[in-house]
Structure formats: C-alpha cells, structure tokens
Amino acid sequence: MPQPEPAPKPLPEPIPMTGPLFGREAELASIGRFLGVVRQSGDVRMVRGEPGIGKSALLTAAAGLADADGMRVLRAAGSQFEADVSYSLLNQLFLPLYPEIERLPLALRDALTVALGFGEGPVPGALLVGNAALLLLTTIAHQAPVLLIVDDVQWADRPSAVVLGFVARRVKGSPVGVIAASRTGTESFLDRRGLTEAAVQPLTPDAAARLVQARFPDMAPRARQRVLDLAQGNPLALVELPATLAGSPRPRAGQSGVVPLSDHLQTVFANRIAGLPDATRLLLLLATFEGSGDVRVLRGLTGLADLAPAERAELVRVDDVTGLVTFRHPLIQSAIVAVSTHEERRNAHLLIAAALPTDPERRAWHLAAATAGPDESVAEQLEDASHRVLRRGDAIAAIAALVRAAELSATAENRTRRLAEAAYIGAEAGGTADATTLLADARVTSLNPAGSLHAANAAALLMINGDGHVHTAHRLLAGAIEIGDHDWRADDPALDEALHTLLMLSWYAGDAEHWAVFHRALARLTPAPTDILSVLSRTFADPVRTGAAARPELDALLSTLAEEEDLTRVMRIGTASTYADRLGDNREHSWRLVRQGRDGGAPRRQLSALMHLCLDDYLTGRWDEAEELAQEGLKVCTVSGLPFLSWYFLYDKAIIAAGRGRTDEAVKLADEITHWALPRGVAGAAAIAHHPRTLAAAADGDFEAAYQHATAISPAGVLAPYVPICTWVMFDLVEAALRTGRTAEARAHAAAMRTARVATLSSRMKLIQHGVDALVLDSEDAETRLEESLRDPAAERWLFESSRIPGPRQSR
C-alpha cells in the first residue's frame, strides 16, 4: 500500500520583497527605451495582462525611472466604485496641476475647471475638454517631460477615458508619454485602436523559481514545485499561494486541482481578511469605497490606528511621501467587499457620505448605495447631483443619477418627473432633430403619460446609440412602462412601441434578469400581446425553449407580408424570423425596405433589412452579396447617425471572412465588436463575437481555441437560455470537442440538443442535429437520419451547413 505523505511543515514567514523585479529585465529595458522616446517626441503604451501578472509593479518601476530621469509623473487608477462619477479619474491625474490649469487660456481653463468639478459654468463640449487637457500637458512639458500613468483603465469613468484616449492620440511631437494598463479580457471606454499595445507575460520558469527562493528560502523542494506548477508564472500567485497550500493535501490521482487563478487568489485574500480585527476590516472597506486612498480622508473617517494589521498582512501599503494608502492588488478590494455584510457595507457608505460635505455628487452616490427603499431626501440629492454633472457635460452620468433618484422617490409623481427628465436629457444628448422635436415637452410629461413613455423610449434608444450603458437604458424604459397610465392595454401604441424597444434592450443585455422584467410586463398586457410582439418574445428571446411552439403564428405573420403596407411590421416580422431560419421567406420584402431606404426612407428599417439579407446570404452561400450589403450597412450607419447598429455588419463581415479563410480579419472584426459591446453592457453582442472567432480558429486548425470560443457562448452540454446564437455554433462545439479528445463533452452537447428538440425549429436545425448525432452516436440509425436530411430538398438551401457537415461514411 502507498505510504501517506508526511504532514508538511509550516512555512516560515516570507521575506519581504524589496529590490529589483525578478525576471523583468527585458520589460525594464523596454521601459527605459520608451522613456527615451517620450523625452524626444512623446509615445504611448497600452499595457495588458492577467490579474497578478505584475502590471502595477512595472508601472511603479516606470514611475521611478521617469522620476529619476527628471520627468514629471502624474498617476491615477480607475476604481470600480467610482466608475459612475464623471471625470473622477481625470480629477486624480490633474489635481496636482491646479495652479497650471488656472494659467490656461480662459475658454480652455473654464472647460477643464467645470469638467473636473473645480467650478461652475456652461456645459463644456468633449472636444473642448480634450483640447484643454492636451494643451495643459504640452505646456507643462516645456519645463520637464511629462509621463501619465493610469492603472486599471477598465474601471475608468467614461468621460475620463474619452479624454485620455484623445490625449494619447495627439502626444506625438511633444515630450508627453502615456502608459495605461488594464486586465486582459476587459474593455473600457478608452479606444485602444491604433495605439501601441504591450502584453505582460508570465515569468519564465527560472525567474519564477528565483522569486520563490528569495521569498521563501526554507520552503521544501516538493512544496516549491507545487507552487510553481499552480502559479504558472504569475508573480502574485507565487507570493501568495505558499501560505494557503501549507497543510493542504495534494490532489489525488485523476484530480487536476485546477482552480481559476483569480478565484484562487481572491479566496487567499478573503481568508487573510477574515482573520483581521473588525476595526481593520472596516477601515479597509472604507478605503475601498472611498477610492482616493488619501490618509487624511481616512483619518477623518475612523482614524488610522487600526491600519497596522493590514499593513503587516501585506494587504496595503502607505506611501510616506504622497500620503496615499494603496492596495497591493485590486483582487484584495474585491475580497474585502465579498466578505463584508450588507450592514457593514451600508454603514461604510454612510460614514463616507458624512465626510463629503463639499462633494455633493460623491456624497449622493454613497447615500444611494446605503439606501434600499424609497428615501426622498437621498433622491433629491441625487437629482441635484445629476444637474451638477450635466453642467460638466456628462449626460450619461446625469441620466444614471436621475434613474437611481427615480428608484428612490417617495411618490409616484416625483418618480415620473425624474424619469421624464432623464428621458429628456437622453434624447437631447442624442442630438437628432426628430428626437428633439418629439421630446420638446418631456419635462412636463407627468401630465401626459403617453408622452412620458415616448420620451423614455426615445431616450433609451439614444443612450445606446451613444456611450450609454444598456442596463441603465433598460431600467429607464422599464421604469417608465411600470408607471405609465395605460392600464396595460395591448392596443396602446406608446406601450406597444416601448415594449418592442424593451425586448431589444433585453436581447442586448443578454441575461435572464433583464428578460424577466420584459416577460413580466408582457404578461400584464390585456387582453393579450399584439401578434408580432407575441411571436418575437418566443422566437427571438429564447428560441431553443419557446421557438418551435411559435411556428404556426410565425407562419401566419409571414403569409401577410405580400399585402402588408406597414413597413415597420415588415421589418419586425423579419426579426421574428431570424432564429427560426425563415429569413428566406422575407427576402423579397427585405429588398423592398432596402430600396425604400436607398430612396430616402427610414434608415432604421433599411438597416434591419440589410441585416436580415446578410444573414440569409451567409447561410445560403451568397457570400459576395453578403459582403457588399454589409459594407452598405456600415455606410448607412455612419451617414444616418446610428452607430449602435454598426456591430451587426461587423459581425456579418467577420463570419464571411472566417468562412473564406481570412481568419486574421475575422478575429480583428470580432475584437472590434467586443471593444464596443463590453463597456456598454451589451452581453448579447459580446457573445455573438465568439461565433466568428470559433469559425476562424477551426479554419486555422486550432480546435482547442475553437472549443474555447464555442463554449464561451454556451458551455458543453448546455444550450444557454437567452443566448440564441448558441444554436449557430452547436456543430462547431461538438466537432471541436471531438478533435480535442473531449468525447464526453461532445456527447453531452448532442444529448442537450436532442432534449431541447432543436430539430423541430427548422430544417437547418434538423440537419445540424443529425450531423452531430452521426458524429457522436456511431450508429446505423444516426447515419441513416443524416443521409435522409442531406437528401431532403429543404437542406439544399443551407449551402454552408450541408457543405461542411460530413456525409454518413465520412462522419465515422
């Protein structure tokens, strides 16, 4: 019998890490060269890397090198708890420059002063704020080169990110440098396109071993190897894992012991935090929510005597020069919040709010975070904050504040008024003449409920057409629908229109929570939802579970197209047909909408029709036409001022590029979709972007990557609810699973397809189901069913699927 392993000895206290960074010689040399270029002509680096990989350490090293070289260093970091406070990151960066701001030309000085909250004045345009920031930096750079260092850009507030991107694109020719770091897999409102990127890689095995040896010189060789295996070159993991692995059993045979590294590290920090005194945990929670890290602020909140245990536990550092408390890693802040109770979080927000009498915007948001039910006093402060932030030119943040104020309103009248004002601001920010005319009287729509609903509907559309977050737009519209004076009559035009928009926003959000809000509203309609809305709610939302049952009603709608004169109904019937594979029945009528748009008709209907034609062209092999129409769609989006629809055509171009073997182009287009979607909360588009990545990876023969992208849409063995694109990668997932040795996963996915009866959705779904079964079942019946499907005349239409699904004998 195998002997049990001896109990491991407790690890000694680690030696504090001081001195040079291990294994980062190449990166430090690169930083030195970068700073040399900055001194001469300016330069930019966008740094990306996994949590704990050492981005912040390299930024600190860059700051030290720049400072030693006589440069002026300005640092800031995004905070997930201040992402809704407009210009908060820019305020961090430029606070030391207040005297220089005062010396700017009057118009630019006033623009920057108002934007940063240093003074009152008219709303400054984004271009004016950007130019003011650029002039400020290039002016002070005459005295000494300037280096901007921004960490955690993924949490930067939208206006600051826009200004930072504006500056980054214009520093060439001036001794100004920008380094901005963000986590891999995240996006922000800082447009990275065209900016030089650098990825921070894991430490080499040799460097990782040297780091562990330096920190834990007495660690047993076997324990050291386990740490090295688990950490995979992640410096933070190399330092933090040893303490948690001491005394823990090794995985048994057949067990991988693999836990996602960020989850593992957060657990490490959570365990360490749980052992701290209550007063220390409160102080850390306050520091997390307060955001600035200024010891003077924290001392005023609760005193600093209780910070020592956190310093000794190496969770925070206090800079004696700047007087700032900084967390060793953002995962620590996430862990602090995770282990806190609701009442602890509430009290922390109240303490911070009480300490901010001269910062009404931040005070209002902290009070709102501490408030669970109606509170008119807090709602009034949020409303006042919305007006202040609007004067700084940030309409999106103003809308978010008004929506939250409406949620906290004590009376229906105040809730209505605030939602209507949010609608007005949103529509006004969109800048289109039609929306401005429609919403001219929106501020008094508490007397006109239908007008309020129209206002909210238009505002939601305009928000997502700009930089607004889809969750805020959804809440705005859902709130307006809830309080509308329509008695839930299905034939109320304003209500019907608003529900169509809410359906689209729910699809954009792409999760069950937002769809539940829509379905609750739909269920209240009397006597029943209108015909198109009823079908759309089943074929478009979650076709795997509800699409087949709606087929008779969809057939009835399709039969009306020839005589249908309402072109909006024609457009929406096309949308209802998408995941039921009935776009072919719409082709003639989609062309009618395209021609009408080309002749000066509504661009929104033209764009929807172009989308439908592109998708049908992709499935039926008309790829030349698909590429031409996708290019037309992008042009119409630009000319008509509807940029939020552009991603559809990027997707169309991406799947065609992948199908034609232009895999780099496909991935680049998919990345462009993701860059647009994630900061706005458009999870539906972010999921769809994995489809061309799946196709491109398979085309390159990289079936491991194909599997990862397909399962990012929906896990193996699951057809994810409210992710209808999962039906378009079913075959890809199963094929990639088989080619990477995941037979169990392939069979589980095929079984999930059979359980969901996806074959009843359409002849294309039937062909895919039979193709998958032939791959995994290895039976004569499966082969026969596939052969019959391929001979079925209906399958001839699906040229793409039928050409890639192997015949019965090939599938073995």
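All residue numbers refer to positions counted from 1 along the written sequence of the respective chain. Totals for whole chains, interfaces and linings use every residue, but because this is a predicted model, local features are given only for residues with pLDDT of at least 70 and side-chain atom pairs only at 80 or more, for both listing and counting. Heavy atoms throughout the structure, all of them, feed into the side-chain values; hydrogens and water do not.

Colleague: When you look at the overall build of the chain in this model, what are you seeing that I'm missing?
Modeller: By the criteria applied, helices consist of DSSP H or I runs no shorter than four residues and strands consist of E runs no shorter than two, each listed in order from the N terminus. Scanning the chain from terminus to terminus reveals 42 helices and seven strands. Exposure classes here rest on a 1.4 Å probe applied to the protein chains alone. A residue is buried below 20% of its type maximum, exposed above 50%, and partly exposed in between. Here the chain holds 812 residues, and the buried ones make up 54% of them. The criterion used for residue contact is that any of the two residues' heavy atoms lie within 4.5 Å. Put simply, of all contacts in the chain between residues at least 6 apart along the chain, 67% involve residues at least 24 apart. Here the Shrake-Rupley method, with its probe set to 1.4 Å, supplies the accessible areas, and only the displayed protein chains count as covering residues. On the chain, roughly 34400 Å² of surface is accessible, and the fraction owed to carbon and sulfur atoms is 53%.

Colleague: Is there a simple way to think about the side chain of Asp616 in this case?
Modeller: Considering the arrangement of structural elements, one finds Asp616 in helix 31 (residues 603-620). Overall, Asp616 belongs to the buried group, its relative accessible area being 2%. Setting aside residues no more than four positions away along its own chain, Asp616 makes contact with Leu583, Gly584, Arg587, Arg622 and Arg797.

Colleague: I'm lost on the packing of helix 23 (residues 470-483) against helix 24 (residues 493-509) in this one. Help?
Modeller: Any two packed helices are characterised by how steeply their axes cross, that is the angle between the axes, and by the distance between the axes. Interhelical geometry of helix 23 versus helix 24 gives an angle of 150° and a closest axis separation of 10 Å. It follows from the interaxial angle that helix 23 and helix 24 lie roughly antiparallel. By crossing handedness, the relation of helix 23 to helix 24 is classed as left-handed. Within the contact between the two elements, helix 23 uses Val470, His471, Ala473, His474, Leu477, Ala478 and Ile481 and helix 24 uses Leu495, Ala498, Leu499, Thr501, Leu502, Leu505, Ser506, Tyr508 and Ala509. To get an axis, a line is fitted to the C-alpha atoms, and for a helix only the part in contact is used. The angle between two axes follows their N-to-C directions and goes from 0 to 180 degrees. Relative orientations are named as follows: roughly parallel for angles under 35 degrees, roughly antiparallel for angles over 145 degrees, roughly perpendicular for angles from 65 to 115 degrees, and oblique for any other angle. Helix crossings fall into two classes, left-handed where the near helix is turned counterclockwise from the far one by less than a right angle and right-handed where it is turned clockwise.

Colleague: Explain the pairing of strand 7 (residues 324-327) here, please?
Modeller: Regular strands show a simple pattern: their side chains alternate between the two faces of the sheet. Judged by which residues are buried, strand 7 turns out to be one-sided: Val325 and Phe327 face inward and are buried, whereas Leu324 and Thr326, on the alternate face, are not. When DSSP locates at least two bridges between a pair of strands, those strands are taken to pair. For strand 6 (residues 316-319) and strand 7, the ladder comprises four bridges, and the chain directions are antiparallel. What sits directly across from Asp319, in strand 7, is Leu324. Between strand 6 and strand 7, which pair antiparallel in sequence order, lie four residues; one of them, Gly323, sits at a positive phi of approximately 70°.

Colleague: Just to check I follow, could you spell out the pairing of strand 4 (residues 176-183) for this structure?
Modeller: Taken across its eight residues, strand 4 has eight buried, putting it largely inside the fold. Because side chains alternate across strand 4, one face comprises the buried residues Val176, Val178, Ala180 and Ser182, and the other comprises Gly177, Ile179, Ala181 and Arg183, equally buried. Pairing of strand 1 (residues 43-49) with strand 4 involves seven bridges; the strand directions are parallel. Its bridge partner lying in strand 4, Gly49 is registered against Arg183. We call a crossover right-handed when, viewed with both strands directed away from the observer, the connection leading from the first strand over the helix to the second proceeds clockwise. Handedness of the crossover joining strand 3 (residues 146-151) and strand 4 through helix 7 (residues 158-168): right-handed.

Colleague: How should the sheet that holds strand 3 be read in this particular structure?
Modeller: Two pairing modes exist for strands in a sheet, parallel and antiparallel, and in both the strands are linked by backbone hydrogen bonds. The strand order across the open sheet formed by five strands is 2-3-4-1-5, and the pairing between neighbours is parallel. Edge strands, defined here as strands with exactly one partner in the open sheet, are strand 2 (72-77) and strand 5 (197-199). The sheet shows a mean angle of 15° between the axes of neighbouring strands, direction not considered. Where strand 3 meets strand 4, five bridges bridge the pair, whose relative direction is parallel. Pairing of Val146 across the sheet is with Val176, part of strand 4.

Colleague: What exactly am I supposed to notice about the pattern of salt bridges here?
Modeller: Note on pairing: side chains with opposite charge can pair once their charged atoms come close. We define a salt bridge as a contact between a side-chain nitrogen of Lys or Arg and a carboxyl oxygen of Asp or Glu at a distance within 4 Å. Per the counting criterion, the structure on display carries 48 salt bridges. With a closest N to O distance of 2.9 Å, Asp616 and Arg587 form a salt bridge. With a gap of 29 residues between them, Asp616 in helix 31 and Arg587 in helix 30 (residues 587-598) connect regions that are remote in the sequence. Among the residues examined, Arg587 registers a relative accessible area of 13% and is labelled buried. One salt bridge in this structure joins Arg662 and Glu665, with 2.6 Å as the shortest N-O distance. When its relative accessible area of 30% is taken as the criterion, Arg662 is described as partly exposed. Linked through salt bridges whose partners overlap, the residues forming this network are Arg587, Asp616, Asp617, Arg622, Glu625 and Arg797.

Colleague: Even after reading the chapter, I still don't get the packing of aromatic side chains, so can you show me in this structure?
Modeller: Two measures describe an aromatic ring pair: the distance that separates the ring centres and the angle between the ring planes. Ring pairs shown here join Phe, Tyr and Trp side chains whose ring centres sit within 6.5 Å, with only the six-membered ring taken for Trp; geometry is labelled stacked below 30 degrees between planes, edge-to-face above 60, and tilted in between. Inspection of every chain in the model, using the stated rule, returns 15 aromatic pairs. Ring geometry for Tyr508 against Trp647: centres 6.4 Å apart, planes inclined by 70°, an arrangement best described as edge-to-face. With Tyr508 in helix 24 and Trp647 in helix 33 (residues 646-659), the pair connects residues that are 139 residues apart, well separated along the chain. Neither Tyr508 nor Trp647 differs from the other in exposure class; each is buried. An angle of 40° between the planes, with centres 4.9 Å apart, marks the rings of Tyr618 and Phe800 as tilted. Of this pair, Tyr618 sits in helix 31 while Phe800 sits in helix 42 (residues 799-804), and the two are 182 residues apart along the sequence. Since its relative accessible area comes to 14%, Phe800 is described here as buried. Note on geometry: a ring has a charge over it if NZ (lysine) or CZ (arginine) is within 6 Å of the ring centre and within 35 degrees of the ring normal. Between the NZ or CZ atom of Arg764 and the centre of the ring of Trp728, over which it lies, the distance is 4.6 Å. The cationic tip of Arg764 hangs over the ring face of Trp798; the distance from NZ or CZ to the ring centre is 6.0 Å.

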